[in-house]
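Here is what each chain is made of, one letter per residue.
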Amino acid sequence: MADENRQDGGGGPKDGDGIRTFPFPVDLSLLGVGMQVGPMGAGRTWHAHAPLHRVHRIDFHVVMLFTGGPVRHMVDFAEYEATAGDLLWIRPGQVHRFSPDSEYRGTVLTMQPGFLPRATVEATGLYRYDLPPLLRPDAARLAGLTASLDQLRREYEDATTLPLSLHTAVLRHTLSAFLLRLAHLAVSSAQQARQGQAPGDSTFTLFREAVERDFATNHSVSAYADALGYSRRTLVRAVRAATGQTPKGFIDKRVVLEAKRLLAHTDMPIGRVGAAVGFPDAANFSKFFQQHTDQTPAAFRAELR
């Protein structure tokens, strides 16, 4: 992470929805490779204008392995409390905030999208937004993850032994080994929490990806089933097995999350927020939002301001 007093020439870019998103600081990575790994510490941030205690997005992956705690951290409006031996995995685009009252101790890994080949991205589930950010490995898995992360850090800091091309290749392989362990932990944890999940169910995977792509314009379960070539019944079974929810509940949850993001972190009028998540009529959006949150959009926004 960058030192807080570093001047990087601006306040950070914004998405079209107005939420500030900070890019991976390639210039701060050793030899400019697409990852960083090192100790967490006070007074550190991604960029000079991205104080960690303020809500923001990043366009890269962050994995924190804690050696102390407790630490409270907000990810997409859910508060997580981590302690020694826990990991927190934050994915690109997730809205999050560090707690100013918590002392972050341990090792932090950041990784730029595109640093790993597509096959590894798919094998490690880098974009499984349905998996929980907070992971609590048992002693054996923690030992394996810690050893793997320590090896990655040694390879990252050894910037002189190998030519840059080989150094980068070694980093990719070592990072892949760590992420495969982490992904296995994430999927196993989710399976334990959701009895009856079908591991690797491609039906749910395709549905999840389609919702992430189209939730702002498509709220229809039948439309997703038709587009994916499944019967509605097949889709219902797959989503229930993977998440315990109905397909409609899964879609609505994603819509509500995006609406919360926009209400909390932009000044967009409520009518425009509704339109951005698929409700051209402001009254229909307010009714939908209140059904799912027990608050009007205006009340939700006011509570956070």
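Scroll up to find the structure this text is about.
Residues numbered from 1 in each chain as written. Predicted model: local features only at pLDDT ≥ 70, side-chain atom pairs only at ≥ 80, totals over all residues. Heavy atoms only, no water.

Peer 1: Explain the overall build of the protein chain to me, please; I cannot follow it from the model alone.
Peer 2: Helices and strands together make up the secondary structure of the protein chain, namely 10 helices and 12 strands. Residue burial in the protein chain is summarised as follows: out of 305 residues, 47% are buried. For the protein chain, contacts bridging at least 24 residues in sequence account for 72% of all contacts bridging at least 6. With an accessible surface of roughly 14,400 Å², the protein chain has 51% of that area assigned to carbon and sulfur atoms. (Helix = DSSP H or I, 4+ residues; strand = E, 2+ residues; numbered from the N terminus. Buried < 20%, exposed > 50% of the residue type's maximum accessible area, 1.4 Å probe, protein only. Contact = heavy atoms within 4.5 Å. Areas by Shrake-Rupley, 256 points an atom, 1.4 Å probe, with all protein chains shown as cover.)

Peer 1: Please explain the packing of aromatic side chains as it appears in this structure.
Peer 2: Each aromatic ring pair is specified by the distance between its two centres and by the angle formed by the two planes. Under the counting rule described, the total for this entry stands at 12 aromatic pairs. Plain terms: the ring middles of Phe279 and Phe288 are 4.8 Å apart, the flat faces sit at 35 degrees to each other, and that makes the pair tilted. Residues Phe279 and Phe288 agree in their burial class; the two are buried. Among the aromatic residues, those joined into a ring-pair cluster are Phe77, Phe279, Phe285, Phe288, Phe289 and Phe300. In this structure, Arg91 is placed above the aromatic ring of Trp89, and the distance from its NZ or CZ to the ring centre is 3.8 Å. The lysine or arginine in question, Arg254, covers the ring of Phe215, its NZ or CZ lying 4.2 Å from the ring centre. (Phe/Tyr/Trp six-rings, centres within 6.5 Å; stacked < 30°, edge-to-face > 60°. Lys NZ or Arg CZ within 6 Å of the ring centre and 35° of its normal.)

Peer 1: I'm lost on a nonpolar patch on the surface in this one. Help?
Peer 2: The grouping of Leu30, Leu31 and Leu164 at the surface amounts to a nonpolar patch, some 250 Å² of accessible area in total. Assignment of secondary structure puts Leu30 in the loop between strand E2 (21-22) and strand E3 (35-39). (Patch = residues over 30% accessible without salt bridge, like charges linked within 9 Å, V, L, I, M, F, W, Y side chains within 5 Å. Salt bridge = Lys/Arg side-chain N within 4 Å of Asp/Glu carboxyl O.)

Peer 1: Help me understand the sheet that holds strand E6 (residues 61-66) in this model?
Peer 2: Strand-to-strand pairing in sheets goes through backbone hydrogen bonds, with the strands running parallel or antiparallel. Overall, antiparallel pairing links the 5 strands, which are arranged E3-E11-E6-E9-E12 in an open sheet. Of all the strands in the sheet, the pair left with one neighbour each is E3 and strand E12 (134-135). Summarising the sheet, E3 and strand E11 (residues 106-111) pair through 5 bridges and their orientation is antiparallel. Among the inter-strand pairings, Pro39 is bridged to a residue of E11, identified as Thr107. (Pairing = 2+ DSSP bridges.)

Peer 1: How should I be thinking about the side chain of Thr293 in this particular structure?
Peer 2: If you trace the backbone, Thr293 turns up in helix H9 (residues 282-293). For Thr293, a relative accessible area of 18% gives the class buried. Ignoring sequence-local partners within four residues, the contact set of Thr293 consists of Val256 and Lys260.

Peer 1: Teacher, can you tell me more about H9 here?
Peer 2: Every α-helix carries 3.6 residues per turn, so stepping three or four residues along brings you back to the same face. End to end, H9 covers 16 Å across 12 residues, agreeing with the expected 16 Å (1.5 Å per residue, within 8%). Residues of H9 that are buried sit in contact with helix H7 (247-265), helix H8 (270-276) and helix H10 (297-304). Positive phi appears at Asp294, one or two residues downstream of H9, with a value of about 60 degrees. (Expected span 1.5 Å × (residues − 1).)

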